[in-house]
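# Geometric and topological summary
Here is how the chains run, residue by residue.
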Amino acid sequence: MTLSVAVRHRFGDFALDVAFEAGPGVTALFGRSGAGKTTIVNAVAGLLRPDHAHITLDGLRFDTLPVHKRRVGYVFQDARLFPHMTVADNLDYASRYGARASDRPRIIEMLGIGVLLDRRPATLSGGEKQRVALGRALLSNPRLLLMDEPLAALDGPRKAEILPYLDRLKREAGVPILYVSHAVDEVARLADHMMLLAGGRVARQGPIFDVMADPAAVPLLGVREAGAVLRARVEAHGEDGLSTLQLAAGRVQLMGVQAPVGAAVRLRVLAQDVLLSLSRPEGLSAQNILPVTITAIRAGDGPGAAIALDAGGDALLARITARAVQTMGLREGQSVFAVIKATSVAQSAISGGAT
Amino acid sequence: MMLDEAGWTALRLSLLVGVTATLLALPLAIWIAWLLARRDFWGKSVLNALVHLPLVLPPVVTGYLLLLSFGRNGPAGRFLEETFGLVLAFRWTGAALAAMVMGFPLMVRAIRLAIEAVDPKIEDAARTLGAPGWAVFGSITLPLILPGVLAGAVMGFAKAMGEFGATITFVANIPGETQTLPSAIYALLQVPGGEDAAIRLVLWACIIALGAVVLSEWLARRVARRIAGT
């Protein structure tokens, strides 16, 4: 299942020109407002007719099909449930054309929307609406899923309510998912591949672990949001609330890990929370010290510099001042120590996903 | 309140003309309103002006134009008579046509406003779920604009019941055939001693008009409640 997209479109001053492929799993389209994310997704859905488009899914030409024949499951930011129908009718509307009624009980169970079936959209909370919208998109038996900032309209707790369902959906959907977002934490948690869009063009793309650890991606993600995503395994939960996780380069102690022992999780380590030391530090309050090798140094526009690190095969990213690079005499290929504070891994950045 | 034989005939005829005109005009009005609200095409402003013409033309002019085109010697009239055996001039069917034409702009306006109030994004969502255009209209747009359609239908019906100038010009004032409520009132006022019978007809006209408005308000509220889901 591979979606291949080439789209050119111009309106006003804005010119979109992108070409990419998206395989199974979640491909995140990330960029600021106006980067062209929604335009791309609408072109794939057929809701927008671009000046030029060549879109195929496993060889099936998509861009010449009318919207209703494309069978994309589209989850909008604003849910867009049919206000005059109950939740059950909204779901049935999708299976009427998608003919996937046999999956109905499984999808309802997966999204936990069984108790909502008789309700009207107007009486649902934002999170409930979005879960119903997800179910409706799935019941249309889609060839691929498009999600346009499905969590952007929700507050923190509602987001946390939906994310586990998205984790599960990602594993069970079995179709390519295009996930539009401008929230790095969502992307870091869900995406397998990532495309960074800027000014209507693809600035960076690749596996999420590579793109997030790419020093060149720092200005696109924002210096406060940039940071590598690592695979880890939960080894133990301590009685003091700290959990031990195994990384390729060694063990780290972290707070607030919810996943059970043995689970594979993702860690997002913000670049600004990684310190570098020439020798193994002693007598430091931070306990997580990994031996790493510098693979790239990239000076930013301001006083900062992004340092790409290899941590036993995992890529890590640190952001320090350019002056520190000078005084420490850092260079590519050098072996140093990375110090990570236990509190520096955001709760939402820890995912139970398999990869 | 009791009406004489002629009064009942006029009342019955008015209701027949009103209901016929409303039912026939409604599908066309919905379609035109949808075109004006949702489509961009060449000649859209011309269509819009044409629809609104009966609202601004003197009704007598509209009636005379109908007589010229749908009379027995008019091109449309001759076509209808030869093809379907349908005669409009000086028949109740002609009164229904006049009522249709006069009520049409009011219907289109009400329905167009309702369509413009429906978020096209909801319709887009239905299309992505696999519904073809006509099914989206039938299952999403139409239920959501139902209050507007009802309002338009009542406006059209009220206009049809009260239509006088175009009707009398096109189909005259023939008791039992084309004499509707307003024509009957007008005729009664032309003869000495007709005031009593005229007043009774006026009362009935008021009752029907009020009833139509109350009924449509009630229906629209029910529909709106159902749509809002509360």
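Rules behind the numbers
Residues numbered from 1 in each chain as written. Chains lettered and ligands numbered in written order. Predicted model: local features only at pLDDT ≥ 70, side-chain atom pairs only at ≥ 80, totals over all residues. Heavy atoms only, no water. Helix = DSSP H or I, 4+ residues; strand = E, 2+ residues; numbered from the N terminus. Buried < 20%, exposed > 50% of the residue type's maximum accessible area, 1.4 Å probe, protein only. Contact = heavy atoms within 4.5 Å. Areas by Shrake-Rupley, 256 points an atom, 1.4 Å probe, with all protein chains shown as cover. Lys, Arg positive; Asp, Glu negative; His and termini not counted. Charge placed at Lys NZ, Arg CZ, Asp CG, Glu CD. Pairing = 2+ DSSP bridges. Axes fitted to C-alpha atoms, helices over the stretch in contact; angles between N-to-C directions. pLDDT = per-residue confidence, 0-100. Buried area = accessible area lost by both parts, 1.4 Å probe. Salt bridge = Lys/Arg side-chain N within 4 Å of Asp/Glu carboxyl O. Polar contact = N/O pair within 3.5 Å; in protein donor to acceptor, adjacent residues only side chain to side chain. Nonpolar A, V, L, I, M, F, W, Y, C, P; charged D, E, K, R; others polar. Parallel < 35°, antiparallel > 145°, perpendicular 65-115°, else oblique. Left-handed = near helix turned anticlockwise from the far one by under 90°.

Each helix and strand in chain B was counted, giving 10 helices and zero strands. The principal-axis extents of the C-alpha atoms in chain B amount to approximately 65 × 45 × 30 Å. Sorting the 230 residues of chain B into buried and exposed places 47% on the buried side. For chain B, the proportion of contacts with a sequence separation of at least 24, taken over those separated by at least 6, is 72%. Surface summary for chain B: the accessible area is close to 11600 Å², and the carbon and sulfur share equals 70%. The distance from the centre of the 17 positive side-chain charges to the centre of the 14 negative ones in chain B is 8 Å.

On to the sheet that holds strand β4 (residues 52-57) of chain A, then. All names here are of chain A. Taken in spatial order, the four strands make up an open sheet running β2-β1-β4-β5, and their pairing is antiparallel. Both outer strands of the open sheet, β2 (14-22) and β5 (60-61), are each paired with one neighbouring strand and no more. Bridge count between strand β1 (residues 3-11) and β2: nine bridges; the pairing is antiparallel. Following the sheet pairing, L3 is matched in β2 by A22. On top of the sheet, helix α1 (residues 37-45) reaches β1, β2 and β4; it is set at about 115° to β1, its chief contact.

Confidence along chain A averages 87 in pLDDT terms, with 95% of residues attaining 70 or more. The secondary structure element of chain A with the lowest average pLDDT is helix α6 (residues 156-173) of chain A, at 79, and the one with the highest is strand β3 (residues 26-30) of chain A, at 93.

Tallying the contact residues gives 21 residues for chain B and 22 residues for chain A. Counting each side, the surface lost to burial between chain B and chain A is near 2000 Å², with a carbon and sulfur contribution of 67%. Counting across the chain B and chain A interface gives zero salt bridges. Taken together, the connections running from chain B to chain A amount to three residue pairs in polar contact (both at pLDDT 80 or more). Taken together, the elements giving at least two residues each to the side of chain B that touches chain A come down to α6 (120-128), α7 (133-162) and α10 (195-228) of chain B. Sorting elements by how many residues they give to the side of chain B that touches chain A places α6 of chain B first, with seven residues. For the side of chain B that touches chain A, a count of residues per class yields 13 nonpolar, four polar and four charged.

Moving on, we get to the packing of helix α3 (residues 87-98) of chain A against helix α5 (residues 126-139) of chain A. Residue and element names in this part refer to chain A. Viewed as axis vectors pointing N to C, α3 and α5 meet at an angle of 20°, and their least axial separation amounts to 7 Å. Here α3 is positioned roughly parallel relative to α5, judged by the angle of their axes. The two elements α3 and α5 cross, and the hand of that crossing is right-handed. Residues V87, N90, L91, A94, S95 and G98 of α3 touch α5, and the partners they reach there are V132, G135, R136 and L139. Per-class residue counts for the contact of α3 with α5 are five nonpolar, four polar and one charged.

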